[in-house]
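# Coordinate inspection notes
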Amino acid sequence: IVLMSYISGSVPEPIISKLYSNAYKALRSGGRLLVHDFMVDDSLDGPALGALWGLQHVTVNADGLGLCPKEIIARMSSGGFDPKSCETMEM
């Protein structure tokens, strides 16, 4: 297991795919990447806490990516992960 907790929203957008690529290379076959972060829904209309977190984070990471599941999955895919095996979970 590779856990990335509050990392994806804390680095410039171009670095995210590299992080996921490195995670893919580090995992054994069948291993899992867990991405834990504040984000909004794919519709970009909520939840409010995820949107507020992203807004305030722009002051620290102006080159960051506004996080939503489809954007994370796209970057995971470019890093080598199969997008069909990606799951999302709201907490």
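Residue numbers restart at each chain and count upward from 1, following the sequence in its written direction. The predicted nature of this model means local features are confined to residues of pLDDT at least 70 and side-chain atom pairs, given and counted, to a pLDDT of 80 or more, with totals for whole chains, interfaces and linings taken over all residues. The basis for the side-chain values is all heavy atoms of the structure; hydrogens and waters are excluded.

## A look at the nonpolar core
Here is the rule: In this text, buried Ala, Val, Leu, Ile, Met, Phe, Trp, Tyr and Cys residues form a nonpolar core when linked through side-chain atoms within 4.5 Å. When accessible area is computed with a 1.4 Å probe and restricted to protein chains, residues below 20% of their type maximum are described as buried, those above 50% as exposed, and intermediate ones as partly exposed. Strands are runs of DSSP state E lasting at least 2 residues, helices are runs of H or I lasting at least 4, and numbering of each runs from the N terminus. Residues count as neighbours in contact if any of their non-hydrogen atoms are within 4.5 Å of one another.
Counting 14 residues, the largest nonpolar core has Val-2, Met-4, Tyr-20, Ala-23, Leu-33, Met-76 and Phe-81 as the members making the most contacts within it. Among the secondary structure elements, those contributing two or more residues to this core are strand E1 (2–5), helix H1 (13–26) and helix H3 (69–78). Residues in contact with Met-4, not counting those within four places in the same chain, are Leu-19, Tyr-20, Ala-23, Leu-33, Leu-34, Val-35 and His-36.

## Things to note about the packing of aromatic side chains
Spelled out, the test is: A pair of Phe, Tyr and Trp rings is counted when the ring centres sit within 6.5 Å of each other, with Trp represented by its six-membered ring. The angle between the planes then sorts it: under 30 degrees is stacked, over 60 is edge-to-face, the rest tilted.
By the definition in use, this model includes four aromatic pairs. Each ring, one from Tyr-6 and one from Trp-53, has its centre 6.2 Å from the other, and the planes form 45°; the classification is tilted. Of this pair, Tyr-6 sits in the loop between E1 and H1 while Trp-53 is found in helix H2 (residues 48–57), placing the two residues 47 residues apart along the sequence. For Trp-53, a relative accessible area of 31% puts it in the partly exposed group. Among the aromatic residues, those joined into a ring-pair cluster are Tyr-6, Phe-38 and Trp-53.

## Concerning the confidence of the model for the protein
For clarity, the cut-off: Values of pLDDT, ranging from 0 to 100, describe the predictor's confidence in every residue of the model.
Per-residue pLDDT for the protein has a mean of 91; in total, 100% of the residues score no lower than 70. Here H2 stands out as the element of the protein with the lowest mean pLDDT, 87, in contrast to E1, whose mean of 96 is the highest.

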